[in-house]
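Here is how the chains run, residue by residue.
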Amino acid sequence: MNCNTFTQLWINSKDDLLSAEAQQYLEQCAECRRKVECYNKTLALLKAEPQTSNIDTKMEFAVMSRIENAEKTSAARHLLRRKVWIGAAAACVAALIVNAFLFNSDRMEQRENQAIVEMIGDVCSSTNGSFATKTDYHDLEATEFFMENIYY
């Protein structure tokens, strides 16, 4: 018997029942024995239950992990946006307060200067008109400029 004859007998056998002569040849020929073992292993793998349950579990875990990470990322992004908006609102409020304070300070300074101008006008009118009887804020500015730049 040779490998081709054995292969023909093996292919034509029912339920893998080999004749005594084919069994004896199989024990002697390593090449044919390897073919039969490979065939049997392949057949066993094909008949075995597919291992999809393990794949399903791993895939479910991977998908759920991505969903959880997406939720955490989304929550962090939302928190960051919220902090930015709160910071921007706080900056606007601070700018309004500073602006109001500066505007109010400027108005108070103008009122104080106007009061000084009126006092100088009263003093001038009491000195028999050596100064004009009606002065205004610009006269005070001119007087202050003159005093700062000339007398010092």
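For the structure, check the block above.
A few points on the structure. Computed from a predicted model, the values in this text were never measured in an experiment.

## Some thoughts on the packing of helix 1 (residues 3–12) against helix 2 (residues 20–28)
Relative placement of two packed helices is described by the angle separating their axes and the distance separating the axes. Put simply, helix 1 and helix 2 touch, their axes get as near as 11 Å, and they point 130° apart. By the angle class used here, helix 1 and helix 2 are oblique. Note on packing geometry: the crossing formed by helix 1 with helix 2 is left-handed. For the pair helix 1 and helix 2, the contacting residues are C3, F6 and L9 in the first and A22, Y25 and L26 in the second. Each residue belonging to the contact of helix 1 with helix 2 can be placed in one class, and the counts come to six nonpolar, no polar and no charged.

## Quick look at a nonpolar patch on the surface
Together, M59, V63, M64 and I67 make up a nonpolar patch on the protein surface, roughly 360 Å² of accessible area in all. Summarising the element assignment, V63 is placed in helix 4 (residues 52–126). With a relative accessible area of 42%, V63 lands in the partly exposed category.

## Quick look at the nonpolar core
As a rule of thumb, nonpolar side chains are buried together in soluble globular proteins. In this structure, F6, W10, L18, A22, Y25, L26, C29, C32 and V36 together form the largest nonpolar core, which totals nine residues. Per-element tally for this core: the top contributor is helix 2, with three residues. Leaving out residues up to four positions away in the same chain, F6 has contacts with M1, L18, A22, Y25, L26, C32 and V36.

## Regarding a negative patch on the surface
On the surface, a cluster of negative charge is contributed by D106, E109, E112, E141, E144 and E148. Mapped onto the negative patch, the elements with two or more residues apiece are helix 4 and helix 5 (137–150).

Procedures and definitions
- Residues numbered from 1 in each chain as written.
- Predicted model: local features only at pLDDT ≥ 70, side-chain atom pairs only at ≥ 80, totals over all residues.
- Heavy atoms only, no water.
- Axes fitted to C-alpha atoms, helices over the stretch in contact; angles between N-to-C directions.
- Helix = DSSP H or I, 4+ residues; strand = E, 2+ residues; numbered from the N terminus.
- Parallel < 35°, antiparallel > 145°, perpendicular 65-115°, else oblique.
- Left-handed = near helix turned anticlockwise from the far one by under 90°.
- Contact = heavy atoms within 4.5 Å.
- Nonpolar A, V, L, I, M, F, W, Y, C, P; charged D, E, K, R; others polar.
- Patch = residues over 30% accessible without salt bridge, like charges linked within 9 Å, V, L, I, M, F, W, Y side chains within 5 Å.
- Areas by Shrake-Rupley, 256 points an atom, 1.4 Å probe, with all protein chains shown as cover.
- Salt bridge = Lys/Arg side-chain N within 4 Å of Asp/Glu carboxyl O.
- Buried < 20%, exposed > 50% of the residue type's maximum accessible area, 1.4 Å probe, protein only.
- Core = buried A, V, L, I, M, F, W, Y, C linked by side-chain atoms within 4.5 Å.
- Lys, Arg positive; Asp, Glu negative; His and termini not counted.
- Charge placed at Lys NZ, Arg CZ, Asp CG, Glu CD.

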